[in-house]
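What follows is each chain in one-letter form.
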Amino acid sequence: MAEIQISHDVFNKYHTNGKLRLSTGFVQEVLEKQGYPGHDGIVQILKGKEDIGEQMGYPFTYRIRICDGIFQYNTLVSADIDDQVRSEAEHLVEGAIIAITNLTIFSQGAGVKTSFLITGYKLLSRYHQVLSSPEVKPRSHSGNPEEHRGYRPNIVVEDLWPEADSWGTEFQENMSNPPAAKMPKRESGGDTSVNRMAAPEPQRVRPAPPPARRGASNTGIIPIAMVTPYVNNFKIHGMVSRKEDIRTFPAKNTRVFNFEVTDTNGDTIRCCAFNEAAESFFGMITENLSYYIAGGSVRQANKRYNNTGHDYEITLRSDSVIEAGGELLAAPKLNLRRVRLSEVAGHCGGLIDVLAVVDKMDDEPTEFTSRAGKTLVKREMELIDESSAMVRLTLWGEEATKADAQEYQQKVVAFKGVIPKEFNGGYTLGTGSGTRIILAPDIGGVADLYDWYHNTKPSAEVKMISQTSGGSNDIPRTIAGLQEMQFGKDSEKGDYASVKAMITRINPNNALYKGCASEGCQKKVVETDGEYRCEKCNKSMNKFKWLYMMQFELSDETGQVYVTAFGDTAAKVVGKTAAEIGDLKEENPEEYNGVFERIQFAPKMWKLRCKMETYNEETRQKMTVFGVDEVNQDKYIENLKQLIEQMKEIKDEGGY
């Protein structure tokens, strides 16, 4: 194997104090600059192999995995330098160190990591152990430059340079015994009489990076677990494990910014800033970077909104000090205070953590208008764990929009900081601004839960605790059965039941109405002289908003019944928002009618609330749609089998 020859010029260009020092953070710089960052990057090869191919029009002949001491990344080597690669292939293996002198990056589309294509490099050394710092374990970079934008580590990762040993020895001797410089001549021609040693000739040495902040920054650091109102002039150091957006509360004219800091012990505390302080600190904080934080008021944590596990939280003031830590701390271990789904009922009004399998999830998010007139987006999923309890969880806003059903369904997911709610005896979970969702979490219990789901759950008796007391099981009923037993007569708020049925009659002309445009009002308006009058708000406006109030006939094998659907439930039935349908009604009546024709005669699973109402001394059963889903045939068949078994038991007992 041929030796690596290092010239004096190459040594001067790449050494730091006679050693080879990796360009920590080089991968992040390349991603931020979207290409060569303007200086060579010294990196170590972790793996290398020949692989001839082409990506996005770029031919390559070799693949290597590089590490800059902080981040690891898979790269391709351009076919344009194939001659150099072939001559040095025996060296381009684990442990080698190269200087990347030129490279190109290109994207392969959404969801695929950005690719690095090395178009120029210099082989510097080989036979090194995998280099790293004791402060940080190298990690694979996701390819997203926003995750660590602005991060420039001060961590030193270096090693001896055996191939340049002679140049290194000469450099060290020069540093220890700098040669005397020639005395400058006087203008008269005589030598100067100044008796002092001249500085050594300048070496082409790369300046060492500034040291990580020590001294003033880390003086008086206390662990996050020790932060209490009784500790004065505290200072903490940790990684920002969560950063929230600034929230605005118009009614109170208040802006709030929250973020969470986790130290090396794994303890987490929430920091809050208000108004001007919120605006100031929001731009300074970057998730996954470390900071020193000093000054602020320590107050009791509100456990309804704070699930860090700390008894206190920090309110930052205008005189609080936040300084960049200069280190990329290891990602903190997930601290999950798990609550089993069967125990959710005992935690309403607070925040809990759950670890569960996503059994089912809406394919697409649903957009609807709230009673307050706000446009909201939600998405529902059903969770299950080893307690054999199943509960519905609702994602809201951006989480609902960006969630990919394929990444969630039948996967173990950790939900930190979800909100249990009770409604008519049933329990559901919802996400909030502080909720964290971790796919495939690296914690204990994941493998056991996954094994239970695939091996034990199919034969387990699952209890849906999101059902209300009136519908204590999820076995579907028939329309005739609900009518004959006057289902709902024993509850003032009504009882819930599921039926498999189809829409057999609907009048499109009565599906929508023009409602008040005021926020929070859904009163029907009266149109007069081009204006829309709301009697509830006692004002006239020049606009309105479309709202659903649909009545239609549901039919199954046993009978028919008219039901009513409002708001987002009606939007799910139709597949479009009220605003979209309203536009069709005015602009394309034929397509408008077609929408309602297409939703008929398609079997669905309907969740109905049945309630007995009295009007003019006549009591009638009223059914309102609270949910609609596609028919899960496997589940439906199992439910029918359960019904058959129940009927057999009744017959055996002489019931009929």
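Here the structure is a predicted model, which is why all the values come from computation and not from measurement. (Residues numbered from 1 in each chain as written. Predicted model: local features only at pLDDT ≥ 70, side-chain atom pairs only at ≥ 80, totals over all residues. Heavy atoms only, no water.)

## Remarks on the overall build of the protein
For step 1, the next point in the chain: For the protein, the helix and strand inventory stands at 13 helices and 34 strands.
For step 2, the next point in the chain: For the protein, buried positions account for 46% of its 656 residues.
For step 3, the next point in the chain: In the protein, the proportion of contacts linking residues at least 24 apart, taken out of those at least 6 apart, comes to 66%.
For step 4, the next point in the chain: Carbon and sulfur atoms provide 47% of the accessible area of the protein, an area that totals close to 35,100 Å². (Helix = DSSP H or I, 4+ residues; strand = E, 2+ residues; numbered from the N terminus. Buried < 20%, exposed > 50% of the residue type's maximum accessible area, 1.4 Å probe, protein only. Contact = heavy atoms within 4.5 Å. Areas by Shrake-Rupley, 256 points an atom, 1.4 Å probe, with all protein chains shown as cover.)

## Topic: the nonpolar core
For step 1, the next point in the chain: Counting 68 residues, the largest nonpolar core has Ile98, Trp161, Ile236, Phe259, Ile293, Ile314 and Leu316 as its most contacted members.
For step 2, the next point in the chain: Looking at which domains feed residues into this core, each of domain 1 (8-160) and domain 2 (224-324) gives three or more.
For step 3, the next point in the chain: Excluding anything up to four places from it in sequence, Leu316 contacts Phe259, Cys271, Cys272, Ala273, Ala277, Phe281, Ile293, Gly295 and Ile322.
For step 4, the next point in the chain: Membership of the second largest hydrophobic core comes to 35 residues, among which are Met550, Val561, Ala570 and Ala571. (Core = buried A, V, L, I, M, F, W, Y, C linked by side-chain atoms within 4.5 Å. Domains from an automatic or database assignment.)

## Quick look at the confidence of the model for the protein
For step 1, the next point in the chain: Scored by pLDDT, the protein has a mean of 83; 87% of the residues are at 70 or more.
For step 2, the next point in the chain: Counted against residues more than four places away or in other chains, residues 180-217, with its pLDDT under 50, gives 50 contacts.
For step 3, the next point in the chain: Low confidence marks residues 468-473, where pLDDT is under 50. Its contacts with residues over four positions away, or in another chain, come to 12 contacts. (pLDDT = per-residue confidence, 0-100.)

## Observations regarding the sheet that holds strand β29 (residues 531-534)
For step 1, the next point in the chain: The antiparallel open sheet is built from three strands, whose spatial order is β28-β29-β30. The open sheet has two edge strands with one neighbour each: β28 (526-528) and β30 (539-541). When the angles between neighbouring strand axes are averaged without regard to direction, this sheet yields 35 degrees.
For step 2, the next point in the chain: The pairing of β28 with β29 spans three bridges and is classified as antiparallel. By the bridge assignment, Glu527 is partnered in β29 with Tyr532. (Pairing = 2+ DSSP bridges. Axes fitted to C-alpha atoms, helices over the stretch in contact; angles between N-to-C directions.)

## A word on the pattern of salt bridges
Opposite charge on two side chains makes pairing possible when the charged atoms of those side chains draw close.
For step 1, the next point in the chain: Scanning the model with the defined rule gives 29 salt bridges in all.
For step 2, the next point in the chain: Measuring nitrogen to oxygen at the nearest pair gives 2.4 Å for the salt bridge that ties Glu630 to Lys604. Pair noted here: Glu630 is in the loop between β34 (618-629) and α13 (633-652) and Lys604 is in strand β33 (residues 604-615), with a separation of 26 residues, a long-range link.
For step 3, the next point in the chain: Taking the relative accessible area as the measure of exposure, Glu630 reaches 56% and is therefore exposed.
For step 4, the next point in the chain: For Lys604, a relative accessible area of 22% translates into the label partly exposed.
For step 5, the next point in the chain: Notably, a salt bridge pairs Glu638 with Lys641, separated by 3.7 Å at the nearest N-O pair. (Salt bridge = Lys/Arg side-chain N within 4 Å of Asp/Glu carboxyl O.)

## A word on the sheet that holds strand β2 (residues 19-21)
For step 1, the next point in the chain: Pairing is antiparallel across the open sheet formed by three strands, whose spatial order is β1-β2-β9. Every interior strand has two partners, whereas the edge strands, β1 (15-16) and β9 (158-159), have only one.
For step 2, the next point in the chain: Where β1 lies against β2, two bridges are found, and the strand directions are antiparallel. Directly across from Thr16, in β2, lies its bridge partner Lys19.

## A few points about the state of the cysteines
For step 1, the next point in the chain: Throughout the structure, instances matching the rule amount to zero disulfides.
For step 2, the next point in the chain: With no disulfide partner, Cys521 has as its closest neighbouring cysteine sulfur the one in Cys537, 3.7 Å distant. (Disulfide = S-S within 2.5 Å.)

## Some remarks on the side chain of Ser555
For step 1, the next point in the chain: With respect to the secondary-structure elements, Ser555 resides in strand β31 (residues 545-555).
For step 2, the next point in the chain: On the basis of relative accessibility, which here comes to 11%, the residue Ser555 falls in the buried class.
For step 3, the next point in the chain: A polar contact of 2.8 Å, which involves the side chain of Ser555, links it to the side chain of Thr504.
For step 4, the next point in the chain: If sequence neighbours within four positions are ignored, Ser555 has contacts with Ile479, Ala501, Met502, Thr504 and Gln560. (Polar contact = N/O pair within 3.5 Å; in protein donor to acceptor, adjacent residues only side chain to side chain.)

## Digging into the packing of aromatic side chains
Two aromatic rings are characterised by how far apart their centres lie and by the angle between their planes.
For step 1, the next point in the chain: If you walk through the whole model with that rule in mind, you get 10 aromatic pairs.
For step 2, the next point in the chain: Taken together, a centroid distance of 5.4 Å and an interplanar angle of 90 degrees make the contact between Tyr496 and Phe626 edge-to-face. With Tyr496 in strand β26 (residues 495-506) and Phe626 in strand β34, the pair connects residues that are 130 residues apart, well separated along the chain.
For step 3, the next point in the chain: By relative accessible area, Tyr496 is classed as buried at 1%.
For step 4, the next point in the chain: Ring geometry for Phe552 versus Trp606: centroids 5.7 Å apart, planes at 50 degrees, classification tilted. Here Phe552, found in strand β31, pairs with Trp606, found in strand β33; they are 54 residues apart in sequence, far enough to count as distant. Accessibility classification places Phe552 together with Trp606 in one group, the buried group.
For step 5, the next point in the chain: Aromatic ring contacts, followed pair by pair, group Phe257, Phe259 and Phe282 into a single cluster.
For step 6, the next point in the chain: The ring of Tyr73 is capped by Lys113, whose NZ or CZ atom sits 4.5 Å from the centre of that ring.
For step 7, the next point in the chain: Lying across the ring of Phe282, Lys243 places its NZ or CZ 4.1 Å from the centre. (Phe/Tyr/Trp six-rings, centres within 6.5 Å; stacked < 30°, edge-to-face > 60°. Lys NZ or Arg CZ within 6 Å of the ring centre and 35° of its normal.)

## Overview of helix α10 (residues 567-574)
For step 1, the next point in the chain: Counting buried positions along α10 yields six of eight residues, so the element is predominantly enclosed.
For step 2, the next point in the chain: A positive phi of about 90 degrees marks Gly575, the residue just after α10.

## Side note on unusual backbone geometry
For step 1, the next point in the chain: In this structure, Gln34 takes a positive phi of about 55 degrees despite not being glycine.
For step 2, the next point in the chain: Turning to its location among the elements, Gln34 is positioned in the loop between α2 (26-33) and β3 (41-55).
For step 3, the next point in the chain: The phi angle at Asn538 is positive, at roughly 60 degrees, despite the residue not being glycine.
For step 4, the next point in the chain: The topology assignment puts Asn538 in the loop between β29 and β30.

## Some details on the packing of helix α11 (residues 578-587) against helix α12 (residues 589-598)
For step 1, the next point in the chain: The geometry of α11 relative to α12 is characterised by a closest axis approach of 6 Å and an angle of 135 degrees between their N-to-C directions. Taken together, the axes of α11 and α12 are oblique relative to one another. Contacts between α11 and α12 involve Ile581, Leu584, Lys585 and Glu587 on the former and, on the latter, Pro589, Glu591, Tyr592, Val595 and Phe596. (Parallel < 35°, antiparallel > 145°, perpendicular 65-115°, else oblique.)

## Thoughts on the environment of Cys272
For step 1, the next point in the chain: The topology assignment puts Cys272 in strand β13 (residues 268-274).
For step 2, the next point in the chain: The class for Cys272 is buried, based on a relative accessible area of 3%.
For step 3, the next point in the chain: For Cys272, the residues in contact, after removing those within four places along its chain, are Phe257, Asn258, Arg299, Glu313, Ile314, Thr315 and Leu316.

## Some remarks on the pairing of β29
For step 1, the next point in the chain: Only one face of β29 is buried, namely the one carrying Tyr532 and Cys534, since none of Glu531 and Arg533 on the opposite face is buried.
For step 2, the next point in the chain: Linking β28 to β29, which pair antiparallel, is a turn of two residues; within it Asp529 sits at a positive phi near 55 degrees.
For step 3, the next point in the chain: Judged from the three bridges that link them, β29 and β30 form a sheet pairing that is antiparallel. Residue Arg533 lies in a different strand from β30, and its bridge partner there is Ser540.
For step 4, the next point in the chain: Following β29, the chain reverses through four residues before pairing antiparallel with β30; Asn538 in that reversal takes a positive phi of roughly 60 degrees.

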